[in-house]
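Notes for the structure review
Now for the letters of each chain:
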There are 2 protein chains.
Amino acid sequence: MKVASLENIPPHQVVIIGGGFGGLYTAKGLANAHNVNVTLIDKRNFHLFQPLLYQVATGALSATDISAPLRSVLSKSKNTQVLLGEVKDIDSATQQVVMGDKTIPYDTLIVATGAKHSYFGKDDWQEVAPGLKTVEDAIEMRRRIFTAFEAAEQETDPEKRRALLTFVIVGGGPTGVELAGAIAELAYKTLQEDFRHIDTSETRILLLQGADRILPALAPELSQEAETSLKQFGVEVHTKTRVTNIENDIVTLKQGDEFKEIAAKTILWAAGVQASPMAKVLAQRTGVECDRSGRVIVEPDLTIKGYENIFVIGDLANFSHQNGQPLPGVAPVAKQEGEYVATLIKKRLRGKTLPAFKYTDYGNLAMIGQNSAVVDLGFLKLTGFSAWVFWLLIHIYFLIEFDHKLLVMMQWAWNYLTRKRSARLITGEESLALANVEDANSNSNYTQTNNRQPINV
Amino acid sequence: MKVASLENIPPHQVVIIGGGFGGLYTAKGLANAHNVNVTLIDKRNFHLFQPLLYQVATGALSATDISAPLRSVLSKSKNTQVLLGEVKDIDSATQQVVMGDKTIPYDTLIVATGAKHSYFGKDDWQEVAPGLKTVEDAIEMRRRIFTAFEAAEQETDPEKRRALLTFVIVGGGPTGVELAGAIAELAYKTLQEDFRHIDTSETRILLLQGADRILPALAPELSQEAETSLKQFGVEVHTKTRVTNIENDIVTLKQGDEFKEIAAKTILWAAGVQASPMAKVLAQRTGVECDRSGRVIVEPDLTIKGYENIFVIGDLANFSHQNGQPLPGVAPVAKQEGEYVATLIKKRLRGKTLPAFKYTDYGNLAMIGQNSAVVDLGFLKLTGFSAWVFWLLIHIYFLIEFDHKLLVMMQWAWNYLTRKRSARLITGEESLALANVEDANSNSNYTQTNNRQPINV
């Protein structure tokens, strides 16, 4: 009887595009796997813990607190290389990805490039109503929020001051709710003693939601609870409300058949997302179908139709085999998908396979503010302080999986005890002058008021 | 006997320009002083602990770790307002400062706007050899340092790879020494396990110093000790070496009569400083004299000639009344000057005065690397581990004076125990691609390779 020698089989080449939750957990799952080489490609040199970006945007944490260098996370995975770069194309015939002037061959490809904001066709709103997906987004939001208070302190016209102290958050999902709660905490607590000419408690915070309730992924009674808590914190919650126009610091709302205008200098976007451009590349190259948000329709094993060696996971994927609805674009889905794909690849190399992917939903949660959150575990629903403690514990648990993130807990403890937010730097334009700043957010020239060379911060 | 009523005397208006060590300590000294109103004006909304900027540049700390919001630091000083803005002019006749379209009247003015880099007339070197004065500078340095390793990982040409792994630091004062030591620690320890195609221990780090020894502010034996330690850490120290040209990633050095060329992608500037532009404004408006570096020559009480109500302190001032030499541009000088001015203002309001300012020099110190520093207290000189512990204690002591900065100590402890540096984000250009990056530092178009709107990060 002959036994085939395994020694001479060349290593199986796995290429992962994207170092978010999906890509990173695939790589972790394949760490030091026998006869597998992994290449993880990302445009950024760090993994970002996106669920906490709103804390960077509101000055509670620094960007580095919620980031971990990909190389550092994967340094013990000796079969894994990290490449900094942007994949522009995929050649599914020759099995290569194209990155700059290099091509990288793959046996198995995982595409996990995530999602970006969607302005539902109103792309010019991007400048006036920034979203929250990247570190730069968060720092830009932070700049706008704190600059608005600074400008209000110096504004003598009551109407303009009112607009400077009005914050409109578009979108009542977890990010919108968490931003609204955090800005309320800032305005009504943290900054209370810091200004001399304005009373920050006069700040108006509007949370706008198109649907009939905020946090629609949670049980209705939790949405109600969250709305009540936000109102207690001073946030005006408007459901069944759509934004029809944003222009010259005026947000036009539609509620039923009624239109309203709100003068607001700071408008933050937490509404729609769309798939990253890699979905289109895949569609062109493989003929795979995409949904309305541009997400790639995947098979029950997370591959794409006709290509059993190409997986699409995370926010980029539309997986609808569980209950007909696509799985939500949240970190736990991406993480479980990454783990599944890693296991499946290892199984396949041993000539085996796995049953279809199945997402285990452990629940949903959202932070509202100090001592208040909502948690929906299905079998258990928490609100108020117990939910808040639960939220903290869960996030600390996930942060500890990376790097040194215990320090974040200490930062939180400090923030909680002192009600301070020390990470509230306005950075980027060194020669920042309020003369510029006041008009800075009202139109797209805010990046051009800087007469200095823009620095790549 | 009549007693003059103090009640009707209008408050004495103090305006401070600049929230660095000098300005902040003046403001702190005047906190809640009787019948004194203080206005602190700064372009930034935060005080920056500049001596630790090199740790941000090398990924050990985040920018927020070494910054404190000015409003937060001064929130309990109810007689003090903080204004975000840039002073463009001073009208010494009508006693007003001009900020945008506003004027702010003063009875006493303190100018403490600090210093910026000097390229000794070679201003085009700024783009290829960035300095380290602001948060943006540090983040740009960090971007260049970590991008160089990333690009080296992907570079196949040995000569280009060598240039990518060559770091030239110009200037052998504390900043240059600390940068060189920190990059050595990065290359030879922290990053050792992180790459697959390069051996980071092949990194070349050159520290160039014009004078005949590094750290000339310290005793000669400590300079010698620092040089020996740096060499043990793998840094090439070149004294009596001047840079004559920087072009196309080639640094031309002059050592005696000999010229040498070094191919290096990353060149960091830690050499000269010059006074900020406010010195020229003052000279024009008051006729005060400036020195060669543009610093304002001040009187023994830190006022300027002919204006006993205008003080200039910190890096902007040339105070030469102690031993004929101007005091160095370091934080302790600025701090003591700020405290002196605050005390003098309060004395004057009671009809008294103070003897001339006298700087108490507690010593000089510089960090070299893990377990190694040099400390010169005059009566006591420390090197090696004891100096390193001393350096840490001193910096922790000063950081605790602000805000929450105990966390920095924990971050250091963590970095020390794990040898990790988790704050090594390459940020700013979201669509970062190494194709661009490799040429990014070689000429001034590095900021234009970004086809995205520059974001004010």
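Keep in mind the model is a prediction, meaning the values are calculated, not measured. (Residues numbered from 1 in each chain as written. Chains lettered and ligands numbered in written order. Predicted model: local features only at pLDDT ≥ 70, side-chain atom pairs only at ≥ 80, totals over all residues. Heavy atoms only, no water.)

**Topic: the overall build of chain A**
Assigned secondary structure in chain A consists of 13 helices and 25 strands. Within the span of chain A, comprising 457 residues, buried residues form 58% of the whole. When contacts within chain A are restricted to residue pairs at least 6 apart in sequence, those whose partners lie at least 24 apart make up 64%. (Helix = DSSP H or I, 4+ residues; strand = E, 2+ residues; numbered from the N terminus. Buried < 20%, exposed > 50% of the residue type's maximum accessible area, 1.4 Å probe, protein only. Contact = heavy atoms within 4.5 Å.)

**A few points about the sheet that holds strand β16 (residues 258–263) of chain B**
Residues and elements named next belong to chain B. Read across the open sheet, the three strands follow the order β14-β15-β16; overall the sheet is antiparallel. Of all the strands in the sheet, just β14 (241–247) and β16 have a single pairing partner and so form its edges. Direction aside, neighbouring strands of the sheet carry axes that sit 25° apart on average. Alignment of strand β15 (residues 250–255) against β16, held across six bridges, turns out to be antiparallel. Each bridged residue has a counterpart across the sheet, and for Leu253 the counterpart in β16 is Lys260. (Pairing = 2+ DSSP bridges. Axes fitted to C-alpha atoms, helices over the stretch in contact; angles between N-to-C directions.)

**Considering the sheet that holds strand β6 (residues 87–91) of chain B**
Residue and element names in this part refer to chain B. Taken in spatial order, the three strands make up an open sheet running β6-β7-β8, and their pairing is antiparallel. The open sheet has two edge strands with one neighbour each: β6 and β8 (102–105). Across the sheet, the axes of successive neighbouring strands diverge by a mean angle of 25°, strand direction being ignored. As defined by bridge partners, β6 adjoins strand β7 (residues 96–99) across four bridges and the pair is classed as antiparallel.

**Let's talk about the domain arrangement of chain A**
Residues and elements named next belong to chain A. By domain assignment, chain A separates into domain 1 (12–43 + 85–114 + 276–349) and domain 2 (118–272 + 363–440). The straight-line distance from the C-alpha centre of domain 1 to that of domain 2 is 33 Å. Each partner contributes residues to the interface: domain 1 has six residues there, and domain 2 has four residues. For the pairing of domain 1 and domain 2, the buried interface totals around 370 Å² over both sides, and the portion due to carbon and sulfur atoms is 49%. (Domains from an automatic or database assignment. Buried area = accessible area lost by both parts, 1.4 Å probe.)

**Let's talk about the pairing of strand β11 (residues 166–170) of chain B**
Residue and element names in this part refer to chain B. Of all five residues that make up β11, five are buried, and the element is covered over most of its length. In this sheet, strand β12 (residues 204–208) lies alongside β11 in parallel orientation, the contact comprising five bridges. Among the inter-strand pairings, Phe167 is bridged to a residue of β12, identified as Ile205. In this fold, the crossover linking β11 to β12 by way of helix α7 (residues 174–190) has right-handed handedness. Summarising the sheet, β11 and strand β17 (residues 266–269) pair through four bridges and their orientation is parallel. By the bridge assignment for β17, Val170 is matched with Trp269. (Right-handed = clockwise from strand over helix to strand, strands pointing away.)

**Observations regarding the pattern of salt bridges**
One pass over the structure, following the stated rule, counts 28 salt bridges over all chains. The partner of Glu136 of chain A in a salt bridge is Arg44 of chain A, with the nearest N and O atoms 2.7 Å apart. Taken together, the residues span a long stretch of sequence, with Glu136 of chain A in helix α5 (residues 135–154) and Arg44 of chain A in the loop between β2 (36–42) and β3 (46–48) at a distance of 92 residues. Looking at Arg44 of chain A, the relative accessible area reads 9%, which means it is buried. The salt bridge involving Arg71 of chain B is made with Glu150 of chain A; its shortest N-O contact spans 2.6 Å. Taken as a pair, Arg71 of chain B in helix α3 (residues 70–73) and Glu150 of chain A in helix α5 lie in two separate chains rather than in one. (Salt bridge = Lys/Arg side-chain N within 4 Å of Asp/Glu carboxyl O.)

**As for the side chain of Ser75 of chain B**
Note that Ser75 of chain B resides in the loop between α3 and β5 (80–84). Residue classification places Ser75 of chain B among the buried residues on the basis of a relative accessible area of 8%. Discounting residues that sit within four places of it in the chain, Ser75 of chain B has contacts with Glu193, Asp194 and Arg196 of chain A.

**A few points about the environment of Ile250 of chain B**
Residue and element names in this part refer to chain B. Turning to its location among the elements, Ile250 is positioned in strand β15. Its relative accessible area of 27% is what places Ile250 among the partly exposed residues. Measuring from C-alpha to C-alpha, the distance between Ile250 and Val15 comes to 46 Å, with 235 residues separating the pair along the chain. Setting aside residues no more than four positions away along its own chain, Ile250 makes contact with Asn245, Glu261, Ile262 and Ala263.

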